[in-house]
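This is what each chain is made of:
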Amino acid sequence: MTESVVFANMTTDIMHTLYNTAKSNTVSMDNYLDWQKEYTFDALKDLRYGQSFCNQFNVQDNRIFYERDWFRCDVIIRSEWLERP
């Protein structure tokens, strides 16, 4: 493949990722609270709190995906990903 084809494929993939993921402040509080109850089963599968949230709501946010401190992760989720009233 030529460099221009590789670059075109790479940019297409990036654009697809950007437009097909959740946007900030789009998760409802009800969905969030339901997910929190279900997280227990993900924790038993050794998934991190933020990792489970990202998987559940199709969120791409490396700060919460890789965060090991569930409290810090929850603060970020509540401030940036939950709907505002």
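Sequence order as written defines the numbering, with residues in each chain counted from 1. Whole-chain, interface and lining totals are the exception, using all residues; otherwise, since this is a predicted model, local features are given only for residues with pLDDT of at least 70 and side-chain atom pairs are given and counted only at 80 or more. The side-chain figures draw on all heavy atoms in the structure; neither hydrogens nor water molecules are used.

Points about the side chain of D74
This is how the line gets drawn: By definition, any uninterrupted DSSP run of H or I lasting at least four residues is a helix, any uninterrupted run of E lasting at least two residues is a strand, and each is numbered from the N terminus. Buried means the residue's accessible area, taken with a 1.4 Å probe over protein chains only, is under 20% of the maximum for its type, while exposed means over 50%, and partly exposed covers the values in between. Nitrogen and oxygen atoms within 3.5 Å of one another constitute a polar contact, given that in protein one can donate a hydrogen and the other can accept it, and given that sequence-neighbouring residues count only through two side-chain atoms. Two residues form a contact once any of their heavy atoms are found within 4.5 Å.
Position of D74 relative to the elements: it lies in helix α5 (residues 70-80). Look at D74 and you get buried, because its relative accessible area is 9%. Of note is the side chain of D74, whose polar atom sits 2.9 Å from the side chain of R78. Sequence-distant contacts of D74, defined by excluding residues within four places in its chain, comprise Y32, Q36 and Y49.

Details of the packing of helix α2 (residues 29-44) against α5
For clarity, the threshold we go by: In this analysis an axis means a line fitted to C-alpha atoms, helices contributing only their contacting stretch, and an angle means the value between N-to-C directions, from 0 to 180 degrees. Oblique is the label for any angle not under 35 degrees, not over 145, and not in the 65 to 115 range, which are roughly parallel, roughly antiparallel and roughly perpendicular in turn. Helix crossings are classified by the rotation of the near helix relative to the far one: an anticlockwise turn of less than a right angle makes the crossing left-handed, while a clockwise turn makes it right-handed.
Orientation of α2 relative to α5, taken along the N-to-C sense of each, is 160°, at an axis distance of 12 Å. The angle between α2 and α5 falls in the class roughly antiparallel. For the pair α2 and α5, the crossing hand works out as right-handed. Seen from α2, the contacting residues are M29, Y32 and Q36; seen from α5, they are D74, I77 and R78.

Some remarks on the packing of aromatic side chains
Spelled out, the test is: Pairing of aromatic side chains requires ring centres within 6.5 Å, counting the rings of Phe and Tyr and the six-membered ring of Trp. Pairs whose planes differ by under 30 degrees are stacked, by over 60 edge-to-face, and all others tilted.
For the structure shown, the criterion picks out 10 aromatic pairs. When the centroid spacing of 4.8 Å and the interplanar angle of 75° are considered together, the rings of F65 and Y66 count as edge-to-face. The exposure class assigned to Y66 is exposed, which follows from its relative accessible area of 53%. Through pairs of rings, three or more aromatic residues link up here, namely Y32, W35, Y39, Y49, F53, F57, W70 and F71.

Digging into the confidence of the model for the protein chain
So the rule is basically this: Every residue is assigned a pLDDT by the predictor, reflecting its confidence on a scale from 0 to 100.
Of all residues in the protein chain, 78% have pLDDT values of 70 or greater, and the mean over the chain is 84. When mean pLDDT is taken per element in the protein chain, helix α3 (residues 49-57) scores highest with 96 and helix α1 (residues 3-19) scores lowest with 62.

Points about the environment of S79
Tracing the chain through its elements places S79 in helix α5. When the C-alpha positions of S79 and N25 are compared, they lie 8.2 Å apart, and in sequence the two are 54 residues distant. Those residues in contact with S79, other than ones at most four positions away along the chain, are N25 and R84.

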